[in-house]
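Survey of secondary and tertiary structure
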Amino acid sequence: WLLVHLLVLGAATNAIVTWSAHFASAMLQQPPLPAPLTLARLVALNVAVVGVLVGVSEGWRGSIIASAGLLALVLAVHLGTLVRTVHGGRARRFATTIRFYWAAAGSVLLGIAAGVTLTVGNVSPVWYERIYLAHVHLGLLGWVGLTVLGTEFTLWPTALRTRMVAGLERAAIWCLLACSSGLALVIAGLLSWLRPLAVAGVIFYLAGVVVFAVPFVRTAARRAPHEPATVMLAASTGWLLAGLVVDAARLADATDPYALAGDIAALVPWLVAGFVVQVLLGALSYLV
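Structural notes, computed from the coordinates. This structure is a prediction, so every number in the text was calculated from the model and none was measured. (Residues numbered from 1 in each chain as written. Predicted model: local features only at pLDDT ≥ 70, side-chain atom pairs only at ≥ 80, totals over all residues. Heavy atoms only, no water.)

1. Re the overall build of the protein
Across its full length, the protein holds nine helices and zero strands. From first element to last, N terminus to C terminus, the protein shows the α and β order α-α-α-α-α-α-α-α-α. Taken over the C-alpha trace, the protein has a radius of gyration of 18 Å; the compact-globule value for 288 residues is 19 Å, and the two agree within 12%. Relative to its 288 residues, the protein shows a buried fraction of 49%. Pairs at least 24 residues apart make up 80% of the contacts formed inside the protein by residues separated by at least 6 positions. (Helix = DSSP H or I, 4+ residues; strand = E, 2+ residues; numbered from the N terminus. Rg over C-alpha atoms; globule rule 2.2 N^0.38 Å. Buried < 20%, exposed > 50% of the residue type's maximum accessible area, 1.4 Å probe, protein only. Contact = heavy atoms within 4.5 Å.)

2. So, the packing of helix 6 (residues 168-192) against helix 7 (residues 195-222)
For any two helices packed against each other, one specifies the crossing angle of their axes together with the interaxial distance. Look at helix 6 against helix 7: their axes get within 7 Å of each other, and the N-to-C directions meet at 160°. The orientation of helix 6 with respect to helix 7, classified from their angle, is roughly antiparallel. Every pair of crossing elements has a handedness; the one defined by helix 6 and helix 7 is left-handed. Of the residues that constitute the contact of helix 6 with helix 7, the class distribution is 20 nonpolar, five polar and no charged. (Axes fitted to C-alpha atoms, helices over the stretch in contact; angles between N-to-C directions. Parallel < 35°, antiparallel > 145°, perpendicular 65-115°, else oblique. Left-handed = near helix turned anticlockwise from the far one by under 90°. Nonpolar A, V, L, I, M, F, W, Y, C, P; charged D, E, K, R; others polar.)

3. Quick look at the nonpolar core
Core analysis: the largest hydrophobic core is formed by 74 residues, its most contacted members being Trp143, Leu149 and Tyr205. With 15 residues, the single largest contributor to this core is helix 5 (residues 125-160). In this view, tyrosine 205 contacts Leu141, Gly145, Leu146, Leu149, Ala178, Cys179, Gly182, Leu183 and Leu244; residues no more than four positions away in its chain are not counted. Ranked by size, the runner-up nonpolar core spans ten residues in total, among them Met27, Leu28, Phe94 and Tyr101. (Core = buried A, V, L, I, M, F, W, Y, C linked by side-chain atoms within 4.5 Å.)

4. What about the packing of aromatic side chains?
Note on aromatic pairs: each is described by the distance of the centres and the angle between the planes. All told, the structure shown has five aromatic pairs when counted by the stated rule. Their ring planes at 85° and their centres at 5.3 Å tell us that phenylalanine 153 and phenylalanine 212 sit as a pair that is edge-to-face. One end of the pair, phenylalanine 153, is in helix 5; the other, phenylalanine 212, is in helix 7, and 59 residues separate them in sequence. For the pair formed by phenylalanine 153 and phenylalanine 212, the shared burial category is buried. Measuring from ring centre to ring centre gives 4.1 Å for tryptophan 156 and phenylalanine 216, while their planes differ by 15°; the resulting arrangement is stacked. (Phe/Tyr/Trp six-rings, centres within 6.5 Å; stacked < 30°, edge-to-face > 60°.)

5. What to know about helix 1 (residues 2-27)
Over its 26 residues, helix 1 runs 35 Å from end to end, which matches the ideal 38 Å to within 8%, given 1.5 Å per residue. Looking at the residues trailing helix 1, positive phi occurs at glutamine 29, about 55°. (Expected span 1.5 Å × (residues − 1).)

6. Quick word on a nonpolar patch on the surface
Judged by side-chain polarity, Trp1, Leu2 and Leu6 come together as a nonpolar surface patch covering roughly 290 Å² of accessible area. In this fold, leucine 6 is placed in helix 1. Accessibility expressed as a relative area gives 43% for leucine 6, which makes it partly exposed. (Patch = residues over 30% accessible without salt bridge, like charges linked within 9 Å, V, L, I, M, F, W, Y side chains within 5 Å. Areas by Shrake-Rupley, 256 points an atom, 1.4 Å probe, with all protein chains shown as cover. Salt bridge = Lys/Arg side-chain N within 4 Å of Asp/Glu carboxyl O.)

7. A closer look at empty space enclosed by the protein
If you walk through the whole model with that rule in mind, you get five cavities of 30 Å³ or more. Breaking the lining of the largest cavity down by element, the ones donating at least two residues are helix 1, helix 5 and helix 9 (257-287). Across the lining of the largest cavity, the residue classes break down as 15 nonpolar, three polar and one charged. Space inside the second largest cavity adds up to approximately 110 Å³. Lining of the second largest cavity is provided by Val136, His137, Leu140, Leu141, Leu240, Gly243, Leu244, Asp247, Ile264, Leu267, Val268 and Leu271. Put simply, the parts of the chain that give the lining of the second largest cavity at least two residues each are helix 5, helix 8 (228-253) and helix 9. (1 Å grid on protein atoms, 1.4 Å probe; cavity = no way out; pocket = protein on both sides within 12 Å on 5 of 7 lines; lining within 4 Å. Points joined across faces, edges and corners; volume = space filled by probe spheres on them.)

8. Notes on helix 9
A maximum bend of about 35° is found in helix 9 at valine 272. Where helix 9 starts, the residue carrying a side-chain oxygen 3.0 Å from the main-chain nitrogen of tyrosine 258 turns out to be aspartate 256. (Bend = angle between axes of the 7 residues up to and from the residue. Polar contact = N/O pair within 3.5 Å; in protein donor to acceptor, adjacent residues only side chain to side chain.)

9. Concerning the side chain of histidine 78
With respect to the secondary-structure elements, histidine 78 resides in helix 3 (residues 61-88). Leaving out residues up to four positions away in the same chain, histidine 78 has contacts with Val17, Ser20, Ala21 and Arg41.

10. Details of the pattern of salt bridges
Under the counting rule described, the total for this entry stands at one salt bridge. Of the charged contacts in the structure, one is a salt bridge between glutamate 227 and arginine 161, with a shortest N-O distance of 3.2 Å. Pair noted here: glutamate 227 is in the loop between helix 7 and helix 8 and arginine 161 is in the loop between helix 5 and helix 6, with a separation of 66 residues, a long-range link. Relative accessible area serves as the criterion here: at 28%, glutamate 227 is assigned to the partly exposed category.

What follows is the structure, encoded as structure tokens:
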């Protein structure tokens with residue numbers, strides 16, 4: 001648990017908050033937040049993350065609740081900043097990319113609520129596994145997955161040093177619709193334990209990633225990835241696709257939430273290492 005959350009809640013969340021704010025202001029031609037506000041946001045974010053990690057590790061309920069509340073507040077303010085950036089932005093072409101960040105931020109706020117419920121709530125065994133499964137999907141497919149997909153529509157051709165292919169904006173719109181609606185179906189299906197609904201949600205999300213992959217592959221055909229950053233970005237996309245296929249198969253095969261939770265818990269480290277860590281290293285090695 002600690003290693004996964006150090007990577008996803010610690011490293012990935014810092015990168016997402018920092019770079020989504022940067023991309024939003026840059027692509028929509030809006031001034032960035034003043035440096036003192038940016039610093040205060042990052043300090044509050046990391047205080048909250050440390051509080052959650054220590055609180056869960058030591059079983060300190062007060063630390064968990066207070067730190068999770070601070071974390072939710074920081075991310076809610078971040079979401080509000082992204083919404084204002086789109087409404088006030090002058091360049092409308094890339095507004096869809098920022099809406100991926102909206103959906104991702106909404107997902108992580110729900111994921112925080114699920115995580116707090118799991119750690120401090122008196123949850124019955126019937127509901128514990130369902131909430132755990134929802135928490136995992138909101139974190140990996142929502143917070144990280146939606147952010148990565150939205151960013152790579154513009155980052156991928158930039159990293160390859162080539163022009164964007166035709167139809168990129170339309171693909172981004174359909175990808176966002178498919179992935180966000182698919183994630184909503186997955187969460188509803190898991191919490192109600194309607195497996196066909198959850199499987200349909202994963203298939204919708206997978207379809208959105210396939211829509212994303214079309215301009216992704218067309219762009220790579222113009223200039224193949226050959227640097228470490230672009231190779232890792234390409235590999236991470238393959239891991240995401242493979243993880244979604246395995247996820248759908250496990251959902252279709254599951255007999256009860258407990259068995260499925262065990263399968264997903266075994267899948268999480270592979271997806272974190274193959275998808276999250278690779279895309280984090282790939283993106284930051286290019287951006288920095």
